[in-house]
Amino acid sequence: NIIIKFLGKTYNVTTNNYGIANLTFNLNEGNYTIVATYENSTIVNNISVEKIKFNLFAQNISYLDDEVVEVSFERNISGFVNFTLSNGITKLIEIKNNTAIWNISNLNAGQWDVEAFYTNDLFNSSSVKKSFKVNKANFTFDVSYSGLNFGSQTAITLTLPTSITGNITFFVDTFKY
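This text gives an overview of the structure that appears in the document. (Residues numbered from 1 in each chain as written. Predicted model: local features only at pLDDT ≥ 70, side-chain atom pairs only at ≥ 80, totals over all residues. Heavy atoms only, no water.)

### Re the pattern of salt bridges
- Applying the stated criterion to the full structure yields one salt bridge.
- For Glu50, the salt bridge identified is with Arg75, shortest N-O distance 2.8 Å. Of the two residues, Glu50 sits in the loop between β4 (41-49) and β5 (54-57) while Arg75 sits in the loop between β7 (67-73) and β8 (80-85), which places them 25 residues apart along the sequence.
- The exposure class assigned to Glu50 is partly exposed, which follows from its relative accessible area of 48%. (Salt bridge = Lys/Arg side-chain N within 4 Å of Asp/Glu carboxyl O. Helix = DSSP H or I, 4+ residues; strand = E, 2+ residues; numbered from the N terminus. Buried < 20%, exposed > 50% of the residue type's maximum accessible area, 1.4 Å probe, protein only.)

### Notes on the sheet that holds β5
- Read from one edge to the other, the open sheet built from three strands follows the order β5-β7-β10, with strand pairing classed as antiparallel. At either margin of the open sheet sits one strand with a lone partner, and together these are β5 and β10 (99-104). Neighbour-to-neighbour, the strand axes of this sheet turn through a mean angle of 10°, independent of strand direction.
- Across four bridges, β5 lies against β7 in antiparallel orientation. Counted as the bridge partner of Leu56 is Val71 from β7. (Pairing = 2+ DSSP bridges. Axes fitted to C-alpha atoms, helices over the stretch in contact; angles between N-to-C directions.)

### A short note on the nonpolar core
- Core analysis: the largest hydrophobic core is formed by 23 residues, its most contacted members being Val71, Val81, Phe83, Leu85, Val114 and Phe132.
- Those elements that place two or more of their residues in this core are β5, β7, β8, β10, β11 (110-119) and β12 (128-135).
- No other element matches the four residues that β11 contributes to this core.
- With near-sequence residues (within four places) excluded, Phe132 lies in contact with Ala58, Gln59, Asn60, Glu67, Leu85, Leu107, Gly110, Gln111, Trp112 and Val114.
- Ranked by size, the runner-up nonpolar core spans seven residues in total, among them Ile2, Ile4, Leu27 and Ile34. (Core = buried A, V, L, I, M, F, W, Y, C linked by side-chain atoms within 4.5 Å. Contact = heavy atoms within 4.5 Å.)

### A look at the pairing of β11
- The sheet contact formed by β8 and β11 spans six bridges and is antiparallel. Within β11, the position partnered with Asn82 by the bridge is Phe117.
- Relative to β12, β11 runs antiparallel, the two sharing seven bridges. Looking at β12, one finds that Trp112 is bridged to Phe132.

### Remarks on the packing of aromatic side chains
- Inspection of the entire model under this criterion finds six aromatic pairs.
- With centroids separated by 4.5 Å and ring planes inclined at 50°, the aromatic side chains of Phe6 and Phe25 adopt a geometry described as tilted. Of the two residues, Phe6 sits in strand β1 (residues 2-6) while Phe25 sits in the loop between β2 (9-13) and β3 (30-38), which places them 19 residues apart along the sequence.
- Phe6 gets classed as buried once you look at its relative accessible area, which sits at 2%.
- Taking the relative accessible area as the measure of exposure, Phe25 reaches 29% and is therefore partly exposed.
- Considering the side-chain rings of Tyr11 and Phe25, the 5.6 Å spacing of their centres and the 75° angle between planes classify their relative orientation as edge-to-face. A residue pair is termed long-range when its members are at least 10 positions apart, and Tyr11 in strand β2 and Phe25 in the loop between β2 and β3 qualify at 14 residues.
- Judged by relative accessible area, Tyr11 falls into the partly exposed class, the value being 23%. (Phe/Tyr/Trp six-rings, centres within 6.5 Å; stacked < 30°, edge-to-face > 60°.)

Remember that the coordinates give geometry; whether it matters functionally is a separate question.
Next comes the structure, spelled out in structure tokens:
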């Protein structure tokens, strides 16, 4: 057995058939000292745990487009990214190939913030925040009419993309319909 002292605790760890002992810790960033003793030999090691670094990407989009929010990690890592939008909606996405991607649909026009942090069973990293804008819709529509004669009624047809909802107001000369 190997006696390991770490963070004020003592662990008795059994070696395998190759003389290797494993003890798993999930540590916050910082510097640590670990002491291992086997029979009459003691080894002291200093451990430096670096901050989990990642990049958060979001871009300005137009209304009706999907926002693709992406987190990419510099090193191989497993776990999840917890995303939070400024309206309180959250999404937990598993990291695959050092990347976590959240596709967000149906965002209203305006300024948005997204915040992300790395998480696993025992640890949450500090968060990163990014702003993006959803611009007003930029779409085309068709207007058609038939039987347009002075003093008579006519039908005006407006064809919009199927995803557009709400009220439409027509102005003909200065009259509102």
